[in-house]
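# Remarks on the overall topology
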Amino acid sequence: MEIRIDNLTKKFGDVVGVEDLTLHIDDGEFVAFLGPSGCGKTTTLLTLAGIYKPTDGLIRFGERVVNTVQPKDRNIGMVFQSYALYPHMTIFQNIAYPLKLKKTPKNVQNERVRQVANVMGIGELLDRRPGQLSGGQQQRVALGRALVKEPDVLLFDEPLSNLDARLRLTMRGEIKHLQKNLGITSIYVTHDQLEAMTMADRIAVMNRGRLQAFDAPDELYDRPKTLFVAGFVGNPPMNFLNVSVSQSNGHFLAEAETIQLPLGADRGEPPARHGGAVVMGIRPEDIQIAADGDVTGEIFVVEPLGREDLIDARVGEHSFILLADTEKQHRAGESVSLKFDMTQAQFFDPQTERSLLWHH
Amino acid sequence: MSESDTKAKPSAAFLQSRRNALRSYLGAYGFMAPAGVLVIIFFLVPVAIVLYLSVTNLASSNFTSDLARMEFIGLKNYETLLNDQFARKIFFNTIFYVLVTLSIFNVSLALVVSLLTTHIDRSAGFVFRALWILPRITSPVVYILIWKRMMAEAPFGILNQFNELLGQPTYNYVSTNPWVFVVVVNGFIGVSFGMIIFTSAIESIPKDLLNASLVDGSSRMQRIRYVILPLIRWPLLFVVTYQTLSLLTSFVEIQLLTDGGPGLYRTEVWSLTAFHRALSNYFGNAQWGYGSAFAVLLVMIGVVLAVIYMRVFRFDELVAEPRVEAL
């Protein structure tokens, strides 16, 4: 089912939940809504579900405008963060509930529920009540209940947030696998950028009720169009630095006080043409500790992450987060030389917060 | 170290822990004491006195305040009561009054009002419910006067004034349909209790659960039937039980509205009879002993009902684990 959201606005009194959101989702696509809490992603999801009615704009499922269509007539399945299983029903009754409401014959209900339960690996739990299940099992039941009526659209509202880290990893893979197998158009709301990056075909990054970017994960990562996207996507986050970029004899130079970084024309030309102060962004993996570095700094803190060390290095007033090999055994207080891979540098207009390199 | 020493040591520690436990119990009883004393003085002692009075023939004609000089007549009052030609009518009046008021108003209408006010705009719902609390917090005398003024005969009653204005015949509402008024007047008060309990129960159902039901394909009516009602089962049973008992003993509004009339015992209920016999009989002939017999029977009916309710609804099980929170 193709979903087209055009100029969607949802207000609660004077409070704006979502503003002027336009988003077209292809049939069978897995889209993540990513953003900090209060960014409007859940509001959008509940509007798609029909729980909220749009204040303005159009939502189409296929050719059909669904703005005022009741949730029950949208043929959607939804998975909630709290699982939202009915505590007074058995697992069987929970999964069968959407079928019962559709007046599906009893024997078909029975067959479908068992089939879905087996796929979800909860076949032996059908007689239990939700309270007797672990969080992971409850989440599987919730997923089963969403799938049993063969929905056109699947909506996920932070479904993995209440699970422990290991289980989250397993469920992430399972959901992605299931979605690809069934080919059901899915929208997945999360504040966890790792979840969004690993699962989604495309990610809609939202902030303060507005869409910041809507792109494939690697596109968002490599070519962030706004400062917010650059800072939000990626862990550890991108380093930012106020610089001015100048050109002399075809050579470009980004400068901030004592820091001087030469860069190529493809990255240097747009910020130089913009002139004045710009915001430079550089990802932690694009800064190396090397003998022939561009600037000299001092290690402030070393955080061992196991596979690598997260290092906070200070150059004058500026702080840079970077990743280093644990073998090197860097220590706080150590003086280091930092090499910047300026072919990966990003530049933003400090006023509009838009990228100077990538345009829409 | 002798053997007795090794034995004595843990036992001393054991005794100490017993002493500590006792001390903490004493603290608990200490905190309960004020309430306990009040219950004893103002409930248990009066019950004992009423029980005793019910086996005497104490009345205004042979009044004495000396318990020892009261004439003991055994179960004679109860015998008289059972042979009383009106006791039967009053008994069925009471059942009728409790069942009808409870089922139509205290439970059903309370449920309807809470479901409606939780499905509309929050503040509008709040205002509506706040208005419906008014009958309960208004003094019964004032509340009944308002009703009486509305229903009074022409040319005084407000409804009859409308009838006259529209050229319709006028009615003496209260005397032609006394039961309707007894039930409606009490019911309007009764609704607010269930309304508050049901509303808070409905509002404590997690929002996700309610949204999930809609997404799963239920209409709002189906959601009420399959999700909301099962989840408020315990408050529902509580209101049924509690309100049965409180309706059984309520009589002030009836006394003020019809005083058990019109005619002989038309709307008289058991608790009102106990009051009439004991404290407000004709010509000032108060039959304390006989009235007490009525009161004792009412208490016994109440206790039996309470026990039955607790058994049937398995209260202990319901109270044992939270139902909605077990998510």
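Residues numbered from 1 in each chain as written. Chains lettered and ligands numbered in written order. Predicted model: local features only at pLDDT ≥ 70, side-chain atom pairs only at ≥ 80, totals over all residues. Heavy atoms only, no water.

All names here are of chain A. The omega angle of the peptide bond from N235 to P236 is -5 degrees, so this bond is cis rather than trans. Backbone geometry at N75 places phi at a positive 50 degrees, although glycine is not the residue there. Relative to the helices and strands, N75 resides in the loop between β5 (64–65) and β6 (76–79). Positive phi outside glycine occurs at Q329, with the angle close to 50 degrees. Within the secondary structure layout, Q329 lies in the loop between β18 (318–325) and β19 (335–340). Using a relative accessible area of 53% as the deciding quantity, one classes Q329 as exposed. (Helix = DSSP H or I, 4+ residues; strand = E, 2+ residues; numbered from the N terminus. Buried < 20%, exposed > 50% of the residue type's maximum accessible area, 1.4 Å probe, protein only.)

Here we come to the sheet that holds strand β2 (residues 15–25) of chain A. Residue and element names in this part refer to chain A. The four strands lie next to each other as β2-β1-β4-β5, forming an open sheet whose pairing is antiparallel. Each having just a single partner strand, β2 and β5 make up the two edges of the open sheet. Taken together, the two bridges between strand β4 (residues 56–61) and β5 define a ladder with antiparallel strand orientation. When the sheet's bridge partners are listed, F61 is paired in β5 with R64. (Pairing = 2+ DSSP bridges.)

Turning next to the interface of chain A and chain B. Counting residues at the interface gives 26 residues for chain A, matched by 22 residues for chain B. Here chain A packs against chain B, burying approximately 2000 Å² in sum over the two surfaces, 63% of which is carbon and sulfur. Interface area lost by chain A to chain B is led by K72, P87 and L101 of chain A, which between them contribute 25%. Counting across the chain A and chain B interface gives one salt bridge. A salt bridge links R145 of chain A to D216 of chain B, with the shortest nitrogen-to-oxygen separation between them at 3.3 Å. Taken together, chain A and chain B are joined by eight residue pairs in polar contact (both at pLDDT 80 or more). Secondary-structure elements contributing two or more residues to the side of chain A that touches chain B are α1 (41–49), β6, α2 (91–101) and α4 (135–147) of chain A. Tallying contributions element by element places α2 of chain A first for the side of chain A that touches chain B, with four residues. Among the residues making up the side of chain A that touches chain B, the classes are represented as 15 nonpolar, six polar and five charged. (Contact = heavy atoms within 4.5 Å. Buried area = accessible area lost by both parts, 1.4 Å probe. Salt bridge = Lys/Arg side-chain N within 4 Å of Asp/Glu carboxyl O. Polar contact = N/O pair within 3.5 Å; in protein donor to acceptor, adjacent residues only side chain to side chain. Nonpolar A, V, L, I, M, F, W, Y, C, P; charged D, E, K, R; others polar.)

Turning our eyes to something else, we now look at the confidence of the model for chain B. For chain B, per-residue confidence averages 84 on the pLDDT scale, and residues scoring 70 or more make up 92% of the total. Of the regions scoring below 50 in pLDDT, residues 323–327 of chain B engages in 14 contacts with residues more than four places distant in sequence or in other chains. (pLDDT = per-residue confidence, 0-100.)

Between two aromatic rings, the relevant description is the distance of the centres plus the angle of the planes. With the rule as written, the count across this model stands at 25 aromatic pairs over all chains. Aromatic side chains Y290 of chain B and F294 of chain B sit 5.3 Å apart centroid to centroid with 75 degrees between the ring planes, which places their arrangement in the edge-to-face category. A residue pair is termed a helical-turn pair when its members lie 3 or 4 positions apart in one helix, as Y290 of chain B and F294 of chain B do in helix α14 (residues 288–312) at four residues. Each member of the pair, Y290 of chain B as well as F294 of chain B, carries the same accessibility label: buried. Through successive ring pairs, a cluster of aromatic residues spans F105, F128, W132, Y143, W147 and F188 of chain B. Residue placement shows R145 of chain A over the ring face of Y86 of chain A; its charged tip is 4.7 Å from the ring centre. Above the face of the F300 of chain A ring, R314 of chain A is positioned so that its terminal group lies 3.8 Å from the ring centre. (Phe/Tyr/Trp six-rings, centres within 6.5 Å; stacked < 30°, edge-to-face > 60°. Lys NZ or Arg CZ within 6 Å of the ring centre and 35° of its normal.)

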